[in-house]
Amino acid sequence: MGANLLSNYGEVVAMILFGIGFSTLLLHKNLIKKIIGLNIMDTAVYLFLAAKGYITGRVAPIVVDGVQSVEAYINPVPSGLVLTGIVVSVSVSALMLSLTIRLYRRYHTLDLDEISTRLKKEGL
Amino acid sequence: MQFVQNLPFICIILSLFSGTVSSVLKEKAAKYVNLFVVSAIMLMSMFVLGYTLSTGTSYTYMMGHFPAPWGNEIRVGVLEAFMATFFCVIMLLSLLGGRKKLHQEVEITKHNLYYILTNLLLSSLLALVYTNDLFTAYVFVEINTISACGLIMIRQNGRTIEAAVRYMIMSLLGSGLLLLGICMLYDITGHLLMGNIQEAVAMLVAQNQYHIPLLVTIALMCVGLAIKSALFPFHSWLPDAYGYSTVSSAAMLSSLVSKGYIFLLFKLIYRVFGFEIFCQSKIINVLFVFGIMGMIFGSLSAIKENDIRRMISFSSVAQIGYIYMGIGLGTAAGIEASVFHVLSHAATKSLLFIAAIGLTDVSDGSRKFQDITGAAYRHKVAGITFTVGSLSMVGIPVFSGFISKMLFADAAVLNEGKMLPTLIALAISTILNAIYFMKTVIRIYTPIKTDYDIITFKKEPLYAVTCICFIALNVFLGINSVPILEFIQKGLAMFV
């Protein structure tokens, strides 16, 4: 398994980044850091997917001088999936950031636990 | 190819289109467009249901000019059409029941935004129900998440924004895990269409290749969907989100949003991995254990609550635990019981939320139990509705909750290993449900002298009619359960 880990270093780095992003999203109290963690987590999945699409010795699937044989290009499907994923990630980041702005305008803090305590005191 | 076969596609596109159009419409126009679209989709889904029942098989429908696997496709059968119709009915009743509160709690200029969100929610539910492609499922899961977040925070107070943030965080954790599982599955099978993936997975298992990656993929996707549908340890976002949002949002969130993800899980079990392979992996036992713990801890937390809407939300945690317990039993009977409970819970939980808002309206807007005392005498319709909902939750015959519990017990008896924990958990959670629901019913029927207003049938006819429809739906599911079970069984047989 050690040799596989070294030759698939793209996937390994992607998994490490996923772990970093996941734990940042879950454990940090600062909202901006949570959003950064979310972005790191999503980017890690895209790295994983892009690494899976790559085939050594072949080029990107862009047609130059007519279509070469099938064996000349890498797998184009994962790139399409990554594009879809990037759109999703941008939308949810924008949504989370707008929620953060609203919370900050109301409570003047970015700390989620502090906001919860203040809400309990407000007694809504 | 008959015209009726085009209807599912038309439903999805119609709801997406009306969502987009609502952004430029004024409040009244958006409201009527939304009502029209939901009713139209309900009717179209009924036609599709009739068609699939008459032919007896499911069919695949090509989206666009290219056949699969180059193009996308959706697959329509009895279960999918039935679920689509049912979701439309629940959404219609939830919107009608919560309309007055929507006018009170949300600014009039933001109403068209609310209808955008409900239309997007409907389109994502329909797509999740009909899709035959794994990545389309992921995209619509995300649309579902975003519209659910919008539904929570359409009512602007501090609680809802914090609830929306917590909901987004947990939901995105689940989405990340789901996406990672889908990518790994694509990597080991090379396909994104559910039928092709199933053949590839069967081949991999037969040749005993990629055993650990397959197990990890199943685990990632199941845990991702479990986080999103608020299974036991991951339910921390649920009470805030359901408890403080406006009431039609709460009804829609509790009945529809989590059910979409659970339906996707059914699809994964039946169409992507195959039932035997899924049952052989030990993830079933993990779901079973979490389901049972959810049943018990959800009910225990509900007993401690002093706020009626948070109590109903914790009851939702328990009911989601029932559904996962049914999946965790690992038999076809267990899955049938879970599907029936999806229907029963969707009908009952939205009923409870709509009834609870009627009770709080006659208690000067307060949700605490000491203020709600005697509310059933001030608002008779809401009192009766809440009683019906509580009896259904506890499991009294005539109502749908009784049929669910009976089905779960039947399924448990067929499975020797897990019979005893299931029956014990069912018994304990029924007692706990009875404790907090019956306590509330007794409290709202305690006569007491107060100065709060009284609301009669004539004052809010739309609300009363909605409550009556909800009660009728519940009793219909409870009394008419045998044909519905046949639908479910036929649908699951076609589902594979």
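Residues numbered from 1 in each chain as written. Chains lettered and ligands numbered in written order. Predicted model: local features only at pLDDT ≥ 70, side-chain atom pairs only at ≥ 80, totals over all residues. Heavy atoms only, no water.

## Notes on the pattern of salt bridges
Residue and element names in this part refer to chain B. Counted according to the given criterion, the structure contains 13 salt bridges over all chains. For the salt bridge of D361 with K101, the shortest nitrogen-to-oxygen distance reads 3.0 Å. Of this pair, D361 sits in helix α15 (residues 332-361) while K101 sits in helix α4 (residues 99-105), and the two are 260 residues apart along the sequence. Grouping residues by exposure puts D361 and K101 together as buried. Linking R310 and D240 is a salt bridge whose minimum nitrogen-to-oxygen distance equals 2.9 Å. Of the two residues, R310 sits in helix α14 (residues 308-328) while D240 sits in helix α10 (residues 238-244), which places them 70 residues apart along the sequence. According to the relative accessible area criterion, D240 is buried, its value standing at 12%. Among the ionic contacts, a cluster of salt bridges with common partners joins K100, K101, D361 and E460. (Salt bridge = Lys/Arg side-chain N within 4 Å of Asp/Glu carboxyl O. Helix = DSSP H or I, 4+ residues; strand = E, 2+ residues; numbered from the N terminus. Buried < 20%, exposed > 50% of the residue type's maximum accessible area, 1.4 Å probe, protein only.)

## Considerations on the interface of chain B and chain A
Contacts between the two partners involve 30 residues from chain B and, on the opposite side, 36 residues from chain A. Both sides of the chain B and chain A interface together cover about 3,200 Å² of buried area, and 81% of this is carbon and sulfur. The tally of links from chain B across to chain A stands at one salt bridge. Of the charged contacts, one joins K52(A) and D187(B) as a salt bridge, the two residues approaching to 3.1 Å between their closest N and O atoms. Where chain B touches chain A, the interface holds five residue pairs in polar contact (both at pLDDT 80 or more). Put simply, the parts of the chain that give the side of chain B that touches chain A at least two residues each are α6 (134-153) and α7 (158-189) of chain B. Considering each element in turn, the side of chain B that touches chain A owes the most residues, 19 residues, to α7(B). (Contact = heavy atoms within 4.5 Å. Buried area = accessible area lost by both parts, 1.4 Å probe. Polar contact = N/O pair within 3.5 Å; in protein donor to acceptor, adjacent residues only side chain to side chain.)

## Focus: a nonpolar patch on the surface
All names here are of chain A. A grouping of I32, I36 and L97 is seen on the molecular surface, where their side chains present a nonpolar patch of about 230 Å² in accessible area. The residue I32 is located in helix α3 (residues 31-53) in this model. Taking relative accessible area as the criterion, I32 reaches 34% and is therefore assigned partly exposed. (Patch = residues over 30% accessible without salt bridge, like charges linked within 9 Å, V, L, I, M, F, W, Y side chains within 5 Å. Areas by Shrake-Rupley, 256 points an atom, 1.4 Å probe, with all protein chains shown as cover.)

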